[in-house]
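# Commentary on secondary and tertiary structure
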Amino acid sequence: MKVVIISAIAYLMAWGTGLFVSSLGIASLSTTVVGIRISSIVSALELLIVAVAATAGTHYFLERPLARLMRAMSRAEQGDFLIRAPVLADDELGDLARSFNKLLSRLTDMSANNIQSEQDRIMAQEQERLRHNLEEKGAIIERTNRMLEQLVKDLSLIYEIGQEVNSIIDLDRLYATIAATLRKHLRVHEFALLVFDEQREELQVKAAYGFENPDSVSRMIFRKGEGITGLAAETGKKIYIKDTSRETRFLNYKGERPSDPSAFLSVPLTYKDEVLGVVNFGRRGIGSFTYQDVKMLSLVGGQIALAIANARLYTRTRELSVKDELTGINNRRHFHTMLQMEWKRAVRFHRSLSLIMLDVDHFKAYNDSYGHLQGDAVLKHIGGLLRRNLREVDTVARFGGEEFVLLLPDTDKHGAVAVAEKVRVLVEGHRFMTDERMETNPITVSCGIAAYPDDVEEMEDLIDHADIALYRAKELGRNRIECYKSVEAEEEVAVEAPGIIDPPAIDVPNPEEIN
């Protein structure tokens, strides 16, 4: 409309200008210029002015607003809903711009709502994820707390068990304490402690509870590799059986299998790579030992192994202080202690006390022929022979090298001669064998005897006089027994031939009678 008005105004202005020029007589419309009438030129100018006015109005009032509106639409198409088209007039284009702006406003609201909804959804998902993570972490923390609580309980229990058993150094008392302590603290129906005997190479039951026939179980022994117990001792690894009724190697202490389903755990008692024994735990029900139970009982086994090792070390240390390391009999130090005690007793109660010094004949030559290891074996055997064939009240000791000493309380010279003769005969009759099962030269011993109150009045003289008698036995040919005689007695008694210096005749007792 504006373009038409502007065009009309331009036409009227051009028409009015031509009419004004004609009325003034400046130029006649009928006049021709270059063969063209001025009226035609005026008409052409009017058309030109109308066209220019229409073009300018179209550009200003139509093309420019439309271009701005198109730019706004293009940006809105790219997602910029915040853009607004300019409203330049209250015409159709202005109405169109306002309508477009309203549409953009609604789209903006919808986009904002969608964005808010999406943000709400994302936040809800994030909150759900965080809640789930918190629940998982809470569950992990709860499980960890339960594990830590159980661990603290187990460690406290292990510490308490360790305190109770590690303070005991006597082995027999230790075994009983272990059984009582575990029975108090552990929820197991059966328990057995087996200790490995190195000499017999077998596992022996030292403590047990929970069995219908405890006496039978207490006498039970196992070899390494025998049953589950022997297998645990042989491999040094714990063995857990969830169902004993399905395990053929389970011997149940070589008795009848339990009627109720049960689980069985065998833990080797290992200390510094040495298997000291095995501790067995039994519980009713299939799979009744959990992983935590197995772990905790394994630690208990470690405490038991440590306690046994400490008690054994103490026992060995104590024995070494009074025992000879090679032969296992008393050493010289312990002999002197017993000599002082028995001497005081003999003097106080006017009892007899005899001492026998015993020496292995030609022992150096034997060592040179067969080696020192074989010589050690001879000394060890003689020590065992002396220990087995004397009374419990007698004291047997290794005095040094190949010399042994026998202290016999309440025994006069006649009894001492009988004992010495018995030992001499036993040694002479034994056949010593090498590691290759070859028989060696026979071994003989010489003995010297001194007795209180017949030969001595002072304790120190008892050893010296027995030693003098021993040297006399050596000088007279060895493999014989000599009693101490004073110089005065030797001058009065002529010895016609070497041999045993006989006291009044007596019978040599059997080993059972001497023991």
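Because the structure is predicted, anything quoted here is derived from the model rather than measured. (Residues numbered from 1 in each chain as written. Predicted model: local features only at pLDDT ≥ 70, side-chain atom pairs only at ≥ 80, totals over all residues. Heavy atoms only, no water.)

Now for helix α4 (residues 171-185). Here α4 contains 15 residues, and its C-alpha end-to-end distance of 21 Å stays within 8% of the 21 Å for a straight helix at 1.5 Å per residue. Listed in full, the buried residues belonging to α4 are L171, L174, Y175, T177, I178, A179, T181, L182 and H185. (Helix = DSSP H or I, 4+ residues; strand = E, 2+ residues; numbered from the N terminus. Expected span 1.5 Å × (residues − 1). Buried < 20%, exposed > 50% of the residue type's maximum accessible area, 1.4 Å probe, protein only.)

What follows covers the confidence of the model for the protein chain. Predicted confidence across the protein chain gives a mean pLDDT of 81, with 81% of residues reaching 70 or more. Of the regions scoring below 50 in pLDDT, residues 490-515 engages in 42 contacts with residues more than four places distant in sequence or in other chains. (pLDDT = per-residue confidence, 0-100. Contact = heavy atoms within 4.5 Å.)

What follows concerns a negative patch on the surface. Together, E457, E458, E460 and D464 make up a negatively charged patch on the protein surface. Within the secondary structure, E457 is located in the loop between β12 (445-452) and α12 (459-475). (Patch = residues over 30% accessible without salt bridge, like charges linked within 9 Å, V, L, I, M, F, W, Y side chains within 5 Å. Areas by Shrake-Rupley, 256 points an atom, 1.4 Å probe, with all protein chains shown as cover. Salt bridge = Lys/Arg side-chain N within 4 Å of Asp/Glu carboxyl O. Lys, Arg positive; Asp, Glu negative; His and termini not counted. Charge placed at Lys NZ, Arg CZ, Asp CG, Glu CD.)

Here is the key point about a regular strand: its side chains alternate between the two faces of the sheet. Among the 11 residues that make up strand β8 (residues 274-284), 9 are buried, leaving the element largely enclosed by the rest of the structure. For strand β3 (residues 190-197) and β8, the ladder comprises 6 bridges, and the chain directions are antiparallel. In the sheet register, L193 faces β8, and the bridge partner there is V279. Across 10 bridges, strand β7 (residues 262-271) lies against β8 in antiparallel orientation. Opposite F264, over in β8, you have G282 as the bridge partner. Turn length for the β7-β8 hairpin, with the two strands adjacent in sequence and antiparallel, is 2 residues, and the turn residue K272 shows positive phi of about 55°. (Pairing = 2+ DSSP bridges.)

The 6 strands lie next to each other as β5-β4-β3-β8-β7-β6, forming an open sheet whose pairing is antiparallel. The two strands at the open ends of the sheet, each matched to only one other strand, are β5 (221-222) and β6 (239-241). Here 7 bridges tie β3 to strand β4 (residues 202-209), and the two strands are oriented antiparallel to one another. The partner of F196 across the bridge, within β4, is L203. Across the face of the sheet, helix α6 (residues 227-235) comes into contact with β3, β4, β5, β6, β7 and β8 while running at roughly 30° to β7. (Axes fitted to C-alpha atoms, helices over the stretch in contact; angles between N-to-C directions.)

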